[in-house]
Amino acid sequence: MNYQVLLPQMLEATLMSLRIFFITLIFSLPLGMLVAMGRMSRLKILNLPMRFYILIMRGTPLMLQLLFLFYGMKPIFGIQLDRVLSAEAAFILNYAAYFAEIFRGGIESIPRGQHEAAKVLGFTKKQTFFRIILPQVVKRILPPMGNEFITLVKDTSLAQVIGVVELLKVTSNWVSSSVSMTPFVIAALFYLAMNAVVTRCFTVAENKLSYYR
Amino acid sequence: MQNPQTLTATDIRKSFDGTQVLKGISIQVTKGQVLAIIGPSGSGKSTFLRCVTQLETVDSGEISICGETLVKNDAAGKAVYANKAVCAKIGLHIGLVFQNFNLFPHLSVLQNITEAPVRVLHKSKEEAETIARDLLKKMGLSEKADAYPCQLSGGQQQRVSIARALAMNPDVLFFDEPTSALDPELTGEILKVIRGLAAEHRTMVVVTHEMKFARDVADYVVFMDNGVIVEQGPPEELFDHTQNERTKAFLSRFNET
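## Focus: the overall build of chain A
Of the regular secondary structure elements, chain A holds eight helices and zero strands. Reading the secondary structure of chain A in the N-to-C direction produces α-α-α-α-α-α-α-α. If one aligns the C-alpha atoms of chain A with their principal axes, the spans along those axes are about 70 × 45 × 20 Å. Within chain A, the proportion of its 213 residues that are buried is 45%. Expressed as a percentage of contacts within chain A between residues at least 6 apart in sequence, the contacts between residues at least 24 apart total 77%.

## A few points about a positive patch on the surface
Taken together, the side chains of Arg42, Lys119 and Lys125 of chain A together with Lys84 of chain B present a region of like positive charge at the surface. The residue Lys84 of chain B is located in helix H2 (residues 84-91) in this model. Classification of Lys84 of chain B as exposed rests on a relative accessible area of 77%.

## Quick look at the environment of Gln232 of chain B
Residue and element names in this part refer to chain B. Of note, Gln232 is situated in strand S11 (residues 228-233). What makes Gln232 partly exposed here is its relative accessible area of 35%. In sequence terms Gln232 and Thr208 are 24 residues apart; their C-alpha atoms lie 15 Å from each other. Apart from the residues lying within four places of it in its own chain, the contact partners of Gln232 are Ser26, Tyr220, Val221, Val222 and Leu238.

## Overview of the pairing of S11 of chain B
Alignment of strand S10 (residues 220-225) of chain B against S11 of chain B, held across five bridges, turns out to be antiparallel. Bridging across to S11 of chain B, Met224 of chain B finds its partner in Ile229 of chain B.

Reading the values: the criteria
- Residues numbered from 1 in each chain as written.
- Chains lettered and ligands numbered in written order.
- Predicted model: local features only at pLDDT ≥ 70, side-chain atom pairs only at ≥ 80, totals over all residues.
- Heavy atoms only, no water.
- Helix = DSSP H or I, 4+ residues; strand = E, 2+ residues; numbered from the N terminus.
- Buried < 20%, exposed > 50% of the residue type's maximum accessible area, 1.4 Å probe, protein only.
- Contact = heavy atoms within 4.5 Å.
- Patch = residues over 30% accessible without salt bridge, like charges linked within 9 Å, V, L, I, M, F, W, Y side chains within 5 Å.
- Areas by Shrake-Rupley, 256 points an atom, 1.4 Å probe, with all protein chains shown as cover.
- Salt bridge = Lys/Arg side-chain N within 4 Å of Asp/Glu carboxyl O.
- Lys, Arg positive; Asp, Glu negative; His and termini not counted.
- Charge placed at Lys NZ, Arg CZ, Asp CG, Glu CD.
- Pairing = 2+ DSSP bridges.

So, in structure tokens, the structure goes:
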């Protein structure tokens, strides 16, 4: 096997995996917060569509969502997204639903007394949310968020079903042409390294926020 | 006005899911007065306090604080609240100390006290910190300014929450069973603080189960049971010379112990 060709190719494909990872996070975290807000609203016109959205996104396979966004948009809406864009859109929409439920759990776990204390002191709703509630939510949701981030690193490999050339796709091409398992082992180490970094980041964040209970 | 009423509540009614919790409560608090509200659990004391502090809305009745009307009845006898800006302004006249302290755990003791003066009253950080340190000194917690709430005892936390309320310089300070979450030893230190505030002629309304405290500190005592005021009057009258059977029965349980 020619490692001088294999490794640069795998590294390049890793960049694609990382691109999907970061684009997904940048867009799905804020989107997830909006979905959570809508889901917690007392207005049916907001919370019913959000419940439905979360049901669809969590209740159907991510792979199906990828296929649908790439192959299904043209016949239904007449729009054809390119492969990478379809993949990113699918990941963003899917992960936003999971993040929304994590945010909701975090926000609802803050005791009502915190809202009441803030209200009696004269804070506006916006000040209460951003200065009192959200900082406490961040601390509480770090462990489940860590899970999602790690899952996302590995889920990026699903993008190959719509022809996105990411790490696992390049790897399996090499495996079939060279009849060697070594590329799989290398790919596993790549994923492991990425998730070691993710894990480390979450540990640091948790330690930073451990100054209070 | 000779006797400015800091708080006037008239015929306050409130139901939760069809159960009437407040069945027409009326009280008046004069500037500088300490009012104690006593009564068994579930009598509506805390609900009444929560209505006056805008944590609950009333179904009917009138509330005015420092001459400003928070809520009054319309022609049909249903409560109509002032607009949002007026409600917020009235809210600044009052402070509330909770049973469970409700300090902000992610903020230091000093930040807990300065956050509202800075964000709500738009005081400078320096001014807010000066006020906060003075209050902490008064509470005997000067050395705890940089600690976090989780590092403090219950009594210390409650003193910080009193300082937090005082930092907003309210015209009337409400206490919702301020010692109920504390053991007897720590109860004493909180009662001492409230006694000190009474000596400064702070206007206060204290919902409490501490009968001895109510008798010593309050100028006026209200005994509530089952959503109504059973009896009210100066403490010596209510505690020593009551003719009311319900009041007698309630107080006898405390005298036994």
